[in-house]
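# Geometric and topological summary
One-letter residues, chain by chain:
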Amino acid sequence: MRRKKAIIVGIMTAALLMGGAAFGLDALDKAYPPPLDAAQQRSFEVLDRDGRLLRAFATPDGRWRLKTSAAEVDPQFLRMLVAYEDQRFYEHHGVDPWALLRSAWQLASNGRIVSGASTLSMQVARLIEPRADRSFSAKFLQAARALQIERRLSKAEILDLYLNIAPYGGNLEGIRAASLAWFGKEPGRLDTAEAALLVALPQLPEKRRPDRFPEAAKQARERVLQRLAVERVVGEGEAERSALANVPANRQDLPAYAPHMAVAARVKFPNTAEVRSTLKLQIQRELEGVARHAAEKLGDRVSVAIVMADAQSGDILAEVGSADYLDTARRGFVEMSRAVRSPGSTLKPFIYGLAFEDGLVGQETIIEDRPADFSGYRPRNFDMHYQGDVSIRQALQLSLNVPAVKLLDAVSPSALMVRFRRVGVKLVLPANEAPGLAIALGGAGISLVDLVQLYAGLAGGDPVRLGDGVRSDPERLEGDRLFSDAAIWNVSDILSGVLPPLGMKQRGIAYKTGTSYGYRDAWSVGYDGRHVVGVWVGRADNGAVPGIAGYATAAPILFEAFEKSGVAITPMPAAPSGVARVAVNDLPANQRRFTTTASGLLSASRRESAPRIVYPPEGARVELSGQSGISPLVLKLQGGRAPFRWLANGLPLPNASHRRNSEWRPEGQGFSTLTVIDADGRASSVRVFVE
């Protein structure tokens, strides 16, 4: 009876193939279309800028199903799959009548199944519409569904569908998830043994799992290799060599890089299956390792965050939010790269940048590092010692506190805040407090990402606002720079001369460190002519970490991050025309020494008569272009004590003048900073746009 049934089913199914119209396939298609939509559900994937997998999330039902196509799979695997499962795949229309009749005859003759007749199309039908029983009627329905699928999809689409939904043990579906889990690599390059195992697993995925049943997996792999059709594919002797290879003993974790950013991407794009970020997998992987190893050396509760950005494109290339996302002791789930913390001394370079731009100082200007009282605010140096008279260059390189506060008092905290807002960074101030001098020493809050944004304004290239790691089109700024070219060069030249941490090689970068009050945060930010790397070290719960410091703790991590990133150092831009480091005696008289009263402020009588530029006003757009070229711009000021020295973009105009009117002929169009300094060293600046 069983033999008779087998023959009947074989004949009926073959007849179904050859006379499909007689069975009403058109009507069947309309009334009962195959459930292909269910097969389209796949894991949410976050990719790097080159399309490589950073992290995937399981489907709602807990499956790992990663998108792939035949073009992304090793060609030998595809040939082995077709040779083993469906040799006439490209010839039949969903059902192979000859294989069906052969299988039915063998079943009838031997009383058992000798060879199957399922085509790849029939297997796809079974996978998208699973049935509990394995009866003849179920097989007949699979054949009908296979015919429907072939009417809807091309052979390439059917093969891709199989490659995406075939089961490989546990919750692994699709060859890409299987290759990553069993071999730790994408399926684009598989050796013969690996390919044979992946051909064998979908037939009995749970009984052949190599981590649980290694012997069954090995035997199944050998059966694939011993099939004559497969031997023709792999070549003579290759099957014997591949049979000697071990099967994987353990299932590996799928890639899980940039976990904080990946979660944010999933929230930001809930209705998409794939997001391509601006991160670079190789850099992200290396910097995560740098952060993890550094944190292990520093203590159980210490975390490390690292951000690397391209200052020319605005792309974040790597963002390590914590040392270990799954480490609860370190609170790794907290994204410290975007947490607001005290930046210590890392904002000092921007104070100096304003002072350079305003023409208050040159690199060799002498400034006093002695105790000072700024209306009750008495800053002290980190080591509680004072250096006396030092140059501006030395003051910034040694990160002296009193000189930085003196300069901030001269340029004003509000001016610094305005400059930060121009590049989209807002410091977090204590409630109901106006910007104060404490900003110079970390008396405000900022995130590591925003700090990297500020330093991107010092690196080479056009100014740009950083993206969020997911967005690939960061907002470009329209020609505005954080500072003038001369000010940027002076700051970068000074920071490039800071000695590297003990035991580290000079890498041709400019960098600055900082330590917040109470040893809660250690920072280091460095840059070359294109890339910026920022490092934060501390505890996510804001607890103190005795002994940490920017130079001793964070700077070595910064240098290692630059090295491990694999990015070639881009040289710093050359000095702008007419800008150079000169000896103190070669500076203008009013730049040879920066002086203030003991209180850190100018006297009240002098402050009342400080110079003020009245034309052009701040932010003015002036049209000077004409047929004869660019006309001179009239400059007017009020107050101050003659003689007056005018500077354009940090460069002094030819002669000092006792007059309150002057002229300046711009070299070209764009933003420019105009500064006037009076005989007492008081200054006023405006920024204008020349059209």
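Residues numbered from 1 in each chain as written. Predicted model: local features only at pLDDT ≥ 70, side-chain atom pairs only at ≥ 80, totals over all residues. Heavy atoms only, no water.

### Considering the overall build of the chain
The number of helices and strands found in the chain is 22 helices and 23 strands. Of the roughly 31400 Å² of accessible surface on the chain, 51% is carried by carbon and sulfur atoms. (Helix = DSSP H or I, 4+ residues; strand = E, 2+ residues; numbered from the N terminus. Areas by Shrake-Rupley, 256 points an atom, 1.4 Å probe, with all protein chains shown as cover.)

### Observations regarding unusual backbone geometry
That bond from Y615 to P616 is cis: its omega, 0 degrees, falls within 30 degrees of zero. Along the polypeptide, P616 turns up in the loop between strand 14 (612-615) and strand 15 (621-622). Note that the residue after A642, namely P643, is joined by a cis bond; omega there is 0 degrees. In this structure, P643 sits in the loop between strand 18 (633-638) and strand 19 (645-648). Backbone geometry places R331, a non-glycine residue, at a positive phi of 55 degrees. Here R331 is to be found in the loop between strand 7 (316-320) and helix 15 (348-357). Positive phi, normally seen in glycine, also occurs at S375, with a value near 50 degrees. Looking at where S375 falls in the secondary structure, it is placed in the loop between strand 8 (366-369) and strand 9 (388-391). For S375, a relative accessible area of 64% gives the class exposed. (Buried < 20%, exposed > 50% of the residue type's maximum accessible area, 1.4 Å probe, protein only.)

### Thoughts on the sheet that holds strand 21 (residues 661-664)
Pairing in this open sheet of three strands is antiparallel, and the strands run 14-18-21 from one edge to the other. Because the sheet does not close on itself, it has two edges, and the strands there are strand 14 and strand 21. Between one strand axis and the next, the sheet turns by 40 degrees as a mean value, whatever way the strands run. (Pairing = 2+ DSSP bridges. Axes fitted to C-alpha atoms, helices over the stretch in contact; angles between N-to-C directions.)

### Description of the sheet that holds strand 7
Strand order in the open sheet formed by five strands is 7-6-12-11-10, with antiparallel pairing between adjacent strands. In this open sheet, the two edge strands, each paired with only one partner strand, are strand 7 and strand 10 (510-515). Between one strand and the next, the sheet's axes are offset by a mean angle of 10 degrees, whatever the strand orientation. Bridge count between strand 6 (residues 303-310) and strand 12 (residues 531-538): eight bridges; the pairing is antiparallel. Across the sheet, the residue bridging to V307 is G534, located in strand 12. Packed on one face of the sheet, helix 19 (residues 448-456) meets strand 6, strand 7, strand 10, strand 11 (521-527) and strand 12 and runs near 150 degrees to strand 12. (Contact = heavy atoms within 4.5 Å.)

Everything listed here is a matter of coordinates, which is why it stays silent on function.
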